[in-house]
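Below are the chains, spelled out letter by letter.
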Amino acid sequence: MPCSDVIVIVMAAGQSSRFGSDKRVAKLSSGETLLNTTLLTIQKHFLHSCVVIKPEDNAQSLGLSLMTPTIISPHSYLGLGFSISDAFTHLIQDKDMHHYRAAAIWLGDLPWVSLKTCSLLTKLASPESIIQPLHQGKPGHPVIFGRKFWCELAHLDNEKGANSVIKKYSNRIVNVTTSDPGVCSDVDYPDDLIKL
């Protein structure tokens, strides 16, 4: 049964500078776009997700349905940390978000995470923990942040993502070793589309 009390924040407001074009609409061998493939993976295990996009984006041009919840990140041009800040500012201001115990930060170019991994991570998630998958010792995504850390994430002001929060609360991290290469298989270059 899909998880209903962890919301997924899909980070899809990057510049795709290394890819050379908008990788969100790049096609995989299945015929689906990269972003939609990621969303299909998420929807198999999670009931609720929001896609973070840039102010100039057109959701339909990205292949998103009218029913797909989106969060506009006005500071996305400054880097990932600022997009995360915009997203969590939205979350903590939205009264409908009070029943979630945690939020998973999931990169929009990470389509190959297994359902087994999702299930394992969400079982361990709590309001006071940060759950991070490891593959061959390398940290991966999604990283699930308990509600306790949402205000910290809303105040990020760096381009590096949520690393500063992870370092600050290292005693609250639960590292989950997995054999799933999908947790580290994001797409930076066109050749990455056919890695798996």
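Residues numbered from 1 in each chain as written. Predicted model: local features only at pLDDT ≥ 70, side-chain atom pairs only at ≥ 80, totals over all residues. Heavy atoms only, no water.

### Considering the overall build of the protein chain
Along the protein chain, the regular secondary structure elements total 5 helices and 8 strands. Helices and strands appear in the protein chain in the N-to-C order β-α-β-β-α-β-α-β-β-β-α-α-β. Its C-alpha radius of gyration of 15 Å places the protein chain within 12% of the 16 Å reference for a compact globule of 196 residues. For the protein chain, the spread of C-alpha atoms along the three principal axes comes to 40 × 35 × 30 Å. By residue count, 53% of the 196 residues in the protein chain fall in the buried class. For the protein chain, long-range pairs separated by at least 24 residues make up 69% of all intrachain contacts whose partners lie at least 6 apart in sequence. (Helix = DSSP H or I, 4+ residues; strand = E, 2+ residues; numbered from the N terminus. Rg over C-alpha atoms; globule rule 2.2 N^0.38 Å. Buried < 20%, exposed > 50% of the residue type's maximum accessible area, 1.4 Å probe, protein only. Contact = heavy atoms within 4.5 Å.)

### Section: the side chain of Thr38
One can find Thr38 in helix 1 (residues 34-43). Thr38 has contacts with Trp106, Leu107, Gly108, Asp109, Leu110 and Pro111, leaving out every residue within four places of it along the chain.

### Some details on the packing of aromatic side chains
The final tally for this structure, using the stated rule, is 3 aromatic pairs. Here Phe88 and Trp150 contribute two aromatic rings whose centre-to-centre distance is 6.0 Å and whose plane-to-plane angle is 70 degrees, an arrangement assigned as edge-to-face. Residue Phe88 is located in helix 2 (residues 80-93), and its partner Trp150 is located in helix 4 (residues 150-154); the two are separated by 62 residues in the primary sequence. The buried category is assigned to Phe88, whose relative accessible area is 0%. On the numbers, 5.0 Å between centres and 65 degrees between planes, the contact of Phe149 with Tyr169 is edge-to-face. (Phe/Tyr/Trp six-rings, centres within 6.5 Å; stacked < 30°, edge-to-face > 60°.)

### Quick word on unusual backbone geometry
Omega for the bond connecting His141 with Pro142 falls within 30 degrees of zero, at 5 degrees, which places this linkage in the cis form. For Pro142, the position within the fold is in the loop between strand 6 (138-139) and strand 7 (143-146). A positive phi angle, close to 55 degrees, is found at Ser16, a residue other than glycine. One can find Ser16 in the loop between strand 1 (6-11) and helix 1. Of note, the phi angle at Gln136 is positive, near 50 degrees, even though the residue is not glycine. Summarising the element assignment, Gln136 is placed in the loop between strand 5 (130-135) and strand 6. Classification of Gln136 as exposed rests on a relative accessible area of 74%.

### Some points on the UniProt feature "domain: MobA-like NTP transferase" (unreviewed entry) in the protein chain
In this numbering, the UniProt entry assigns the feature "domain: MobA-like NTP transferase" (unreviewed entry) to residues 8-169. This span, residues 8-169, is 28% helix and 19% strand, and a straight line between its end C-alpha atoms measures 21 Å. (UniProt positions renumbered as here; feature names shortened; annotations may be inferred.)

### Focus: the pattern of salt bridges
Per the counting criterion, the structure on display carries 7 salt bridges. Where Asp188 meets Arg18, a salt bridge forms, and the shortest distance between an N and an O atom there is 3.3 Å. With Asp188 in the segment after strand 8 (173-177) and Arg18 in the loop between strand 1 and helix 1, the pair connects residues that are 170 residues apart, well separated along the chain. Given the relative accessible area of 16%, Asp188 is considered buried. The class for Arg18 is exposed, based on a relative accessible area of 52%. Residue Asp22 is joined to Arg24 by a salt bridge in which the shortest nitrogen-to-oxygen separation is 2.8 Å. Residue Arg24 is classed as buried on the basis of its relative accessible area of 7%. Taken together, the shared-partner salt bridges in this structure form one network comprising Arg18, Lys23, Asp109 and Asp188. (Salt bridge = Lys/Arg side-chain N within 4 Å of Asp/Glu carboxyl O.)

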